[in-house]
Structures are given as C-alpha cells and as structure tokens.
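Commentary on secondary and tertiary structure
These are the residues of each chain, in order.
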Amino acid sequence: MLKRKVDVAIIGTGTAGMGAYREARKHTDSIALIEGSHYGTTCARVGCMPSKLLIAAAEAAHGAKHASVFGLNVPTVETDGASVMDRVRRERDRFVGFVVEDVDDFDDSHKVRGYARFLDAHRLQIDNGLEITADRIVIATGSRPFIPEVLEGAGNRLLVNDDVFELEHLPSSVLVVGTGVIGLELGQALSRLNVKVTMLSRNESIGGIADSEIRKIAADTFQSEFDLVLHAEVLAAKETLNGVQVTYRKSGGIVHTVVVDYVLAATGRIPNTDKLGLENTGIALGARSVPDSDRYTMQTSAPHIFIAGDAKNELPLLHEASDEGRIAGSNAGTFPTVEPGHRRAGLGVVFSDPQIASVGKRAHELLPYTFITGKVSFHNQGRSRVMAKNQGMLKIYADKHSGILLGAEMFGPAAEHIGHLLAWAVQQSLTVNEILGMPFYHPVIEEGVRTAFRDAAEQLKTIEREEASHAVA
Ligand SMILES: Cc1cc2nc3c(=O)[nH]c(=O)nc-3n(C[C@H](O)[C@H](O)[C@H](O)COP(=O)(O)OP(=O)(O)OC[C@H]3O[C@@H](n4cnc5c(N)ncnc54)[C@H](O)[C@@H]3O)c2cc1C
Ligand SMILES: NC(=O)c1ccc[n+]([C@@H]2O[C@H](COP(=O)([O-])OP(=O)(O)OC[C@H]3O[C@@H](n4cnc5c(N)ncnc54)[C@H](O)[C@@H]3O)[C@@H](O)[C@H]2O)c1
C-alpha cells in the first residue's frame with residue numbers, strides 16, 4: 001500500500017476546496033488536494049451556470065411571447081429545443097474550461113484522484129489504494145441531490161438537476177417535485193421553453209420565501225403561469241414504455257394521475273459527509289452526519305479538522321462556499337494559530353421571474369416586537385409598470401429603536417440587484433433614515449424600495465413620539 005504524509009489534506013476540489021487550496025498553499029508546500037469525480041465544480045458543471053443559461057433562454061422566449069403588451073406583434077415564437085440545449089452546454093463547457101484551467105495550474109504533485117474516507121482523525125484512505133496521513137484536514141465535499149424513495153419507480157425517466165443540462169432535446173412534459181430554489185428555477189425555465197410543466201409542493205413553500213404574504217403573491221403569480229400544485233403528496237411513480245406515470249394526492253384527498261416524459265426530483269440536497277467515515281474521527285456530528293463547526297473559523301470539534309461549503313450544510317451558496325473554503329484553508333495552513341474569518345451579511349437570490357431575494361435576517365429569525373416592517377407592493381410602482389414588471393412585494397425589517405436595517409425579503413423586479421443594495425446596507429448597519437438620505441434617481445425600481453423605507457420611517461417616528469409622551473407622563 002502506498003503511503004504519503006502531508007501537512008494539509010483537502011477533500012474535494014470544488015469551489016470550497018479550490019479556495020482552501022489557494023490559501024493553504026501560502027503556508028505550506030506539503031498538500032494533498034483530493035478529488036473523487038470530475039474537476040470543474042458543481043457550480044460551473046451542473047449548478048449556477050447551466051441553470052442560469054437555461055433561464056436566459058427562457059426569459060428571451062417569454063419576452064418575445066409577451067411583447068404584445070407593448071403593442072409589438074411577434075407572430076410566433078418557435079423553441080428549437082436542440083439549439084437551446086446546445087447553447088446551454090457550449091457556454092457551460094466554456095465556464096467549466098476556465099475552472100479546469102485553474103486546476104491545471106495547481107502543482108501536479110499536490111493533486112490526488114480518488115474518493116477519500118477517514119480511517120481515523122489524521123489518516124485518509126483513498127479508493128485508489130493510497131493512504132494519506134495529514135496534520136490538518138479540510139472537508140470540502142459538497143452535496144448531492146436527495147431523491148425520495150417514492151420517485152425511484154420513475155427509473156430512467158427520473159431526472160436531477162445534473163441530467164437536465166444533458167438533455168439533447170427539450171421534452172414535451174415534466175413533473176417537477178419540490179418548489180425550492182432548484183425546482184422553481186428549472187421548472188419555470190422549462191415551462192417558458194414550451195415544456196408542459198406540473199410542479200408539486202408538499203406544503204406551501206415556494207423558493208424558500210418565509211413571509212406568508214409575499215409567498216401568497218408568489219404562489220398566485222406562478223400559478224397564473226404554469227400548473228403549480230400546493231399541498232400535493234406523490235404516492236407512486238412508475239416508468240412506462242413512453243414516459244412515467246405519477247400518482248399524487250392533492251389537499252382534500254383528491255388523487256390525480258398524470259403521464260409525463262420525465263420527473264424532475266428537486267427535493268433538496270444532502271451534504272456529502274455521510275460516506276466519509278467520520279465516525280472514525282470522534283468528531284461531534286449534528287443532523288445528517290454533518291460535523292458541528294464554528295461559523296468563523298470553520299473548525300470542527302477536532303481542532304485540526306475544518307469543514308467548508310455545501311458539506312457544512314449551513315449556507316449552500318457559491319459565495320459562501322468560496323469564503324468558507326478560503327477561511328478553512330488559511331486556518332489549516334496556519335494551524336495551530338487559527339483566526340476568525342470575515343463573514344458577510346446574508347444574501348440569497350432565486351432566479352425565477354419575478355426573482356426572489358432574501359437579505360440579512362428575515363422576520364421569523366428576529367425576536368417579535370423588536371423590529372418594524374416597512375413594505376411596498378410593486379403593482380403600481382412607476383418604473384416597474386413602465387417595463388410591465390409590476391408584480392411582487394418587498395418587506396424590510398428594521399430595529400424598532402435604533403432604526404438599523406436588519407434584513408429584507410423580496411419577490412419582484414430586479415430583486416438580484418435590489419438584494420445587493422439591501423445586503424450592503426445591512427452589512428454597514430445603516431439606519432432607515434441614513435438610507436433615505438441616499439440618492440434615488442427617477443424613474444427607477446429603487447423608488448419602490450424608498451417607499452418601503454418611508455413606510456418604516458413613519459412607524460419609527462410614531463414609536464419615538466409614543467415613547468416621548470410616555471416619558472413625559
Ligand atoms: C442546480 C443548481 C443551481 C445552483 N445555482 C446557484 C446560484 O445561482 N447561486 C449560488 O450562489 N449557488 C447556486 N448553487 C449552489 C452552489 O452550486 C453550491 O453552493 C456550490 O457549488 C458548493 O460548492 P462546494 O465546493 O461546497 O461543493 P462542490 O463544488 O460540489 O465540490 C465538492 C467536490 O468534492 C468532491 N468529493 C465529494 N466527496 C469526496 C470524497 N469523499 N473524496 C474526494 N472528493 C470528494 C466532489 O466530487 C466535488 O467535486 C446551485 C446549485 C445547484 C445544484
Ligand atoms: N439561485 C441560487 O442561489 C440557487 C439555485 C439553485 C440552488 N441553490 C442552492 O441549492 C440548495 C438546494 O436547492 P433545492 O431546491 O434542491 O433545495 P430546497 O431546500 O430549496 O428545496 C427543496 C424542496 O423540496 C421539497 N421536498 C423535500 N423533500 C421532499 C419530499 N420527500 N417530497 C416532496 N417534496 C420534498 C421541500 O419542501 C422544498 O420545497 C438551495 O438551498 C440553494 O442554497 C441556489
């Protein structure tokens with residue numbers, strides 16, 4: 001058996017692992033960067049980038065089909081599915097190519113190909129026969145799709161996100177199970193590309209929206225565009241000669257059967273920590289076999305083992321994986337000296353149309369009665385109406401006494417951009433009045449944002465007046 005000793009072993013060469021490698025490399029030349037599957041990262045290969053490419057095609061089709069609102073007559077919009085998918089793959093491969101080039105630039109002697117498993121807290125068994133003993137270890141193994149057992153009967157007709165981007169042609173019909181981020185993004189895009197989409201949610205959740213009023217607006221909006229069924233439970237899925245037959249129960253007990261080309265499982269992701277042999281390390285494990293870890297140092301309960309990215313199962317987003325990877329790699333490099341890393345205000349964007357953004361803390365994460373909510377509907381917002389994008393709502397949450405912006409939730413136009421502005425304001429601890437003191441151009445969607453802040457400012461004034469009158473009394 002081949003054996004090797006290194007200062008730092010990094011398990012996984014995705015976004016978090018690559019960030020960890022670059023940082024650890026600044027402190028030592030004794031590194032093993034381990035990858036069991038393809039180089040190129042989940043984000044570029046089967047995640048962020050191909051999904052946004054598919055969505056871009058869908059938005060172009062939707063814009064053309066709905067040009068009549070501006071008095072433009074686009075007679076027919078034909079979707080050439082093979083060309084759509086060809087562009088998705090060509091552009092995706094370009095992005096993957098850049099990542100692979102980065103990995104090519106890493107020192108060959110550091111790269112190890114194979115799946116790693118812990119033998120104990122310092123030893124890793126690689127499935128190519130190599131045994132690595134590492135002084136410090138970073139777990140950056142990402143996540144994989146979760147598939148409920150009931151969907152397995154769909155056999156070859158069962159898709160996960162990875163498979164969607166490999167389709168040569170667009171299917172005629174798809175049943176999407178799960179209305180989280182992936183289900184919503186891919187399902188709406190397929191629907192706009194002429195695929196008959198039925199989307200099932202087992203409850204009321206839509207794209208992770210926490211606020212019930214905003215969630216209702218989103219549900220109504222999506223239901224007006226495609227077949228979105230809330231409170232639906234899949235009872236059976238069976239592959240047939242030409243497709244898959246799915247039986248599901250709606251609220252009220254009504255049972256439906258549909259026959260579709262494919263079922264897309266968009267039912268969440270599992271962190272890749274369950275097959276790592278973590279039980280051999282003695283580290284404390286939480287739910288789903290994910291090691292407990294410090295949000296600022298990435299340290300697990302074993303001080304020399306760090307964890308970053310989707311494997312950490314905290315904030316499964318690209319920019320978080322990147323930050324966490326760099327912090328973990330830096331601390332693995334300098335261990336036993338370990339520093340807390342820089343964490344940013346929370347920001348999540350769902351690239352549906354309208355988009356969804358969540359920023360900082362949302363209402364359910366705040367203590368009741370400590371904050372006020374400013375809100376705006378985009379229905380009559382000037383710029384949004386000009387562009388026929390006047391749907392949705394924004395709520396901002398500010399501390400009742402200091403007026404500091406704590407968070408926000410939005411379903412509406414340009415949420416990817418508004419979300420950034422609000423996240424920057426949260427990170428800077430700006431107050432409602434400080435934000436209102438900033439420039440607002442005319443006519444822009446940000447004027448809608450100002451309406452929500454003005455609403456909050458009025459409430460803050462009332463609270464101030466009431467507190468002053470109580471003090472006098
Ligand atoms: C469809 C989809 C769309 C998305 N869109 C967005 C988006 O728009 N914006 C956003 O911010 N985020 C998005 N995400 C999330 C984002 O892609 C992830 O948060 C990010 O890629 C996680 O990076 P990571 O390094 O933790 O994992 P990965 O990039 O998955 O890297 C983990 C690596 O570890 C390897 N590995 C696993 N186990 C072992 C082992 N035992 N031994 C050796 N190697 C191992 C894997 O092969 C893999 O290469 C999306 C995800 C999906 C699925
Ligand atoms: N735009 C983005 O930033 C983006 C895009 C895609 C994915 N992501 C990341 O990937 C993560 C995973 O996305 P996701 O959509 O897979 O997960 P998710 O947690 O967002 O949604 C999973 C959905 O599946 C449902 N579900 C779970 N088990 C089920 C079952 N047995 N039967 C029926 N429904 C079930 C849940 O109720 C939920 O609606 C996200 O949390 C996000 O961090 C981000």
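Rules and cut-offs
Residues numbered from 1 in each chain as written. Chains lettered and ligands numbered in written order. Predicted model: local features only at pLDDT ≥ 70, side-chain atom pairs only at ≥ 80, totals over all residues. Heavy atoms only, no water. Domains from an automatic or database assignment. Contact = heavy atoms within 4.5 Å. Buried area = accessible area lost by both parts, 1.4 Å probe. Salt bridge = Lys/Arg side-chain N within 4 Å of Asp/Glu carboxyl O. Near = heavy atom within 4 Å. Polar contact = N/O pair within 3.5 Å; in protein donor to acceptor, adjacent residues only side chain to side chain. Areas by Shrake-Rupley, 256 points an atom, 1.4 Å probe, with all protein chains shown as cover. Helix = DSSP H or I, 4+ residues; strand = E, 2+ residues; numbered from the N terminus. Core = buried A, V, L, I, M, F, W, Y, C linked by side-chain atoms within 4.5 Å. Buried < 20%, exposed > 50% of the residue type's maximum accessible area, 1.4 Å probe, protein only. UniProt positions renumbered as here; feature names shortened; annotations may be inferred. Nonpolar A, V, L, I, M, F, W, Y, C, P; charged D, E, K, R; others polar. Patch = residues over 30% accessible without salt bridge, like charges linked within 9 Å, V, L, I, M, F, W, Y side chains within 5 Å.

The protein chain carries the name Dihydrolipoyl dehydrogenase in an unreviewed UniProt entry, which gives Marinobacter salinexigens as its organism.

Before going further, it helps to examine the domain arrangement of the protein chain. In terms of domain boundaries, the protein chain breaks down into domain 1 (2–145 + 270–334), domain 2 (149–267) and domain 3 (347–472). Taking the mean C-alpha position of each, domain 1 and domain 2 sit 27 Å from one another. In this assembly, 22 residues from domain 1 lie in contact with 17 residues from domain 2. Taking both sides of the interface into account, the surface hidden between domain 1 and domain 2 amounts to around 1,800 Å²; carbon and sulfur atoms contribute 63%. When the area that domain 1 buries against domain 2 is broken down by residue, the three leading residues are Val46, Leu54 and Arg89, summing to 28%. Inspection of the domain 1/domain 2 interface yields three salt bridges.

Taken together, 21 residues form the shell around ligand 2, and within it Val181, Ile182, Glu185, Pro316 and Val349 come nearest. Within the side chain of Arg202, an N or O atom sits 3.2 Å from an oxygen atom of ligand 2. Ser205 is positioned such that a nitrogen or oxygen atom in its side chain is 3.2 Å from an oxygen atom of ligand 2. For ligand 2, whose accessible area on its own is 850 Å², the fraction buried by protein is 75%. In terms of residues, the shell around ligand 2 owes the most to one element, helix α6 (residues 181–192), which gives three residues. Of the domains in this structure, domain 1 (2–145 + 270–334) and domain 2 (149–267) are the two that each give at least three residues to the shell around ligand 2.

Below, the discussion takes up the nonpolar core. The nonpolar side chains of soluble globular proteins are, as a tendency, buried together. Ranked by internal contacts, the top residues of the largest apolar core, which has 38 residues, are Leu54, Leu184 and Phe222. Looking at this core, the elements with two or more residues in it are α3 (48–65), α4 (81–105), β9 (173–177), α6, β10 (196–200), α7 (212–223) and β15 (262–265). Sort the elements by how many residues they give to this core and α3 lands first, with five residues. Apart from residues lying up to four places away in sequence, Leu54 is in contact with Val84, Met85, Val88, Val164, Leu186, Ala189, Leu190 and Leu193.

A separate point is the pattern of salt bridges. Tallied over the full model, the rule gives 34 salt bridges. Ionic pairing is found between Glu233 and Arg249, a salt bridge with its closest N-O pair at 3.0 Å. With Glu233 in strand β12 (residues 233–239) and Arg249 in strand β13 (residues 244–249), this residue pair connects regions lying 16 residues apart in the sequence. Assessed through its relative accessible area of 42%, Glu233 is described here as partly exposed. The closest approach of N and O atoms between Arg343 and Glu324, which form a salt bridge, is 3.1 Å. One end of the pair, Arg343, is in the loop between α8 (318–334) and β18 (347–350); the other, Glu324, is in helix α8, with 19 residues separating them in the sequence.

Next up on the list: the UniProt feature "binding site: NAD(+)" (unreviewed entry) in the protein chain. Mapped onto the present numbering, the UniProt feature "binding site: NAD(+)" (unreviewed entry) falls on Gly178, Thr179, Gly180, Val181, Ile182, Gly183, Leu184, Glu185 and Gly268. Taking the farthest pair of C-alpha atoms as the criterion, the annotated set spanning 91 residues converges on one region, since that pair is 13.3 Å apart. Tracing the backbone shows Leu184 in helix α6. Given a relative accessible area of 1%, Leu184 falls into the buried group. The contacts of Leu184, once residues within four sequence positions are left out, are Met199, Ile206, Gly207, Phe222, Phe226, Val350, Ser352 and Ile356.

For the rest of this paragraph, the subject is the site of ligand 1. Contacts to ligand 1 come from 35 residues, most closely from Ala16, Glu35, Thr42, Lys52 and Asp310. Ala16 is positioned with one of its backbone polar atoms (N or O) 2.8 Å from an oxygen atom of ligand 1. Within the side chain of Glu35, one N or O atom sits 2.5 Å away from an oxygen atom of ligand 1. Residue composition of the shell around ligand 1, by class: 16 nonpolar, 15 polar and four charged.

Taken together, the side chains of Val69, Phe70, Leu72 and Val74 make up a nonpolar region of the molecular surface, amounting to roughly 380 Å² of accessible area. If you trace the backbone, Phe70 turns up in the loop between α3 and α4.

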